[in-house]
Amino acid sequence: MQIVFIGPPGVGKGTQANMLVDKYGVLKISTGDLLRDAIKAGSPLGNQAKGYMERGELVPDELVLGLVQEKVSIPQSNLKTFIFDGFPRNIQQAIELDKIMLNIHSKINLVIDFTMDEEDRISRLSGRRMCPKCQRTYHIKFSKPKVDNLCDICSVQLVQRSDDNESVIRQRSAVYWEHTRPLLEYYKKQEILKSIDASQPIDKVFISLENLIAPLLGA
Ligand code: AMP
């Protein structure tokens, strides 16, 4: 069972993916998290990706695909459920993902399109905070940590992502409409596309998500 989450920045798909990880033990593959890890580690790939991310542009496909390939190439990965969060981001990446899946004798079974009004997303993103250690995200109003400004898991001070400022957010949204949005048609043709109204409260979104996914997980 392999699931792709699609949606513009700030729609809350990372939060929902984390909730699925916690409840069902699925594996999340977030290319944004992997790229931020590479930057933190100061790896050559991280250094190459940094400028693109700071500008809100897509990192070149070959860099991102290498990261995904590495994550999926674990023994018996065809038996695991992956949630791809923020990948693929364009048609070429979707075609490559299909090939990666074929190689592990698996396929994408479900693609979820998270939808929300643009201005709501932008105001949500400005309140987003992230744990610099585990990359779990919180919101100062909608998804507060148990202790003020500390990660629930790592107890580390939360930070604001450097690309969560309004001008970069708008650039990331524009990139979404130009490059990522056409994926909906790609997956609609395969009849595996479902949509969720992500403007509902987080717990309600999760219930909608579970209604789509739980039967497929055998839960
Ligand atoms: P995210 O954490 O998913 O919001 O991604 C943050 C940034 O990482 C994006 O604005 C891109 O610069 C880069 N990025 C993440 N995933 C991809 C991807 N699949 N392809 C290209 N760039 C990506």
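Remember, it's a predicted structure, so these values are computed and weren't measured experimentally.

Rules and cut-offs
- Residues numbered from 1 in each chain as written.
- Predicted model: local features only at pLDDT ≥ 70, side-chain atom pairs only at ≥ 80, totals over all residues.
- Heavy atoms only, no water.
- Phe/Tyr/Trp six-rings, centres within 6.5 Å; stacked < 30°, edge-to-face > 60°.
- Buried < 20%, exposed > 50% of the residue type's maximum accessible area, 1.4 Å probe, protein only.
- Lys NZ or Arg CZ within 6 Å of the ring centre and 35° of its normal.
- Near = heavy atom within 4 Å.
- Polar contact = N/O pair within 3.5 Å; in protein donor to acceptor, adjacent residues only side chain to side chain.
- Areas by Shrake-Rupley, 256 points an atom, 1.4 Å probe, with all protein chains shown as cover.
- Helix = DSSP H or I, 4+ residues; strand = E, 2+ residues; numbered from the N terminus.
- Nonpolar A, V, L, I, M, F, W, Y, C, P; charged D, E, K, R; others polar.
- Axes fitted to C-alpha atoms, helices over the stretch in contact; angles between N-to-C directions.
- Parallel < 35°, antiparallel > 145°, perpendicular 65-115°, else oblique.
- Left-handed = near helix turned anticlockwise from the far one by under 90°.
- Contact = heavy atoms within 4.5 Å.
- Pairing = 2+ DSSP bridges.

Draft legend 1. Inspection of the packing of aromatic side chains at higher detail. A complete count under the given rule lists five aromatic pairs for this structure. On the numbers, 6.2 Å between centres and 50 degrees between planes, the contact of F84 with F87 is tilted. Their ring planes at 80 degrees and their centres at 5.6 Å tell us that Y176 and W177 sit as a pair that is edge-to-face. Classification of W177 by relative accessible area gives partly exposed; the value is 47%. Counting every residue linked through ring pairs, the aromatic cluster contains F82, F84 and F87. The ring of Y52 carries the charged tip of R55 above its face, separated from the ring centre by 5.4 Å. Its guanidinium or amino end placed over the ring of F142, R124 lies 5.2 Å from that ring's centre, counting from NZ or CZ.

Draft legend 2. Spatial organisation of the site of the ligand. For the ligand, the set of nearby residues contains 16 residues, the closest of which are T31, R36, E57, V59 and Q93. Measuring from an oxygen atom of the ligand, one finds a backbone N or O atom of E57 at 2.6 Å. Between an oxygen atom of the ligand and a side-chain N or O atom of R161, the distance comes to 3.1 Å. Considering the ligand on its own, with 480 Å² of exposed area, one finds that the protein chains cover 95% of that surface. It is helix α2 (residues 31-41) that provides the largest number of residues to the shell around the ligand, a total of four residues. Grouping the amino acids of the shell around the ligand by side-chain chemistry returns six nonpolar, four polar and six charged.

Draft legend 3. Structural detail: the packing of helix α4 (residues 61-72) against helix α5 (residues 91-103). Closest axis-to-axis distance for the α4/α5 pair is 11 Å, and the angle between their directions is 25 degrees. The angle between the axes of α4 and α5 places the two elements in the roughly parallel class. Both α4 and α5 take part in a crossing whose hand is right-handed. On α5, the residues that touch D61, V64, L65, V68, Q69 and V72 of α4 are Q92, Q93, E96, I100 and M101.

Draft legend 4. Broad picture of the sheet that holds strand β2 (residues 27-30). In spatial order, the strands read β2-β3-β1-β4-β7; together these five strands make up an open sheet with parallel pairing. Among the strands making up the open sheet, the edge pair consists of β2 and β7 (193-197). Here the strands of the sheet are splayed against their neighbours by 25 degrees on average, with no regard to which way each runs. Examined bridge by bridge, strand β1 (residues 2-6) and strand β4 (residues 110-115) share four bridges and lie parallel to one another. Along β4, the bridge assignment pairs I6 with D113.

Function-wise, these values are silent; they only describe arrangement.
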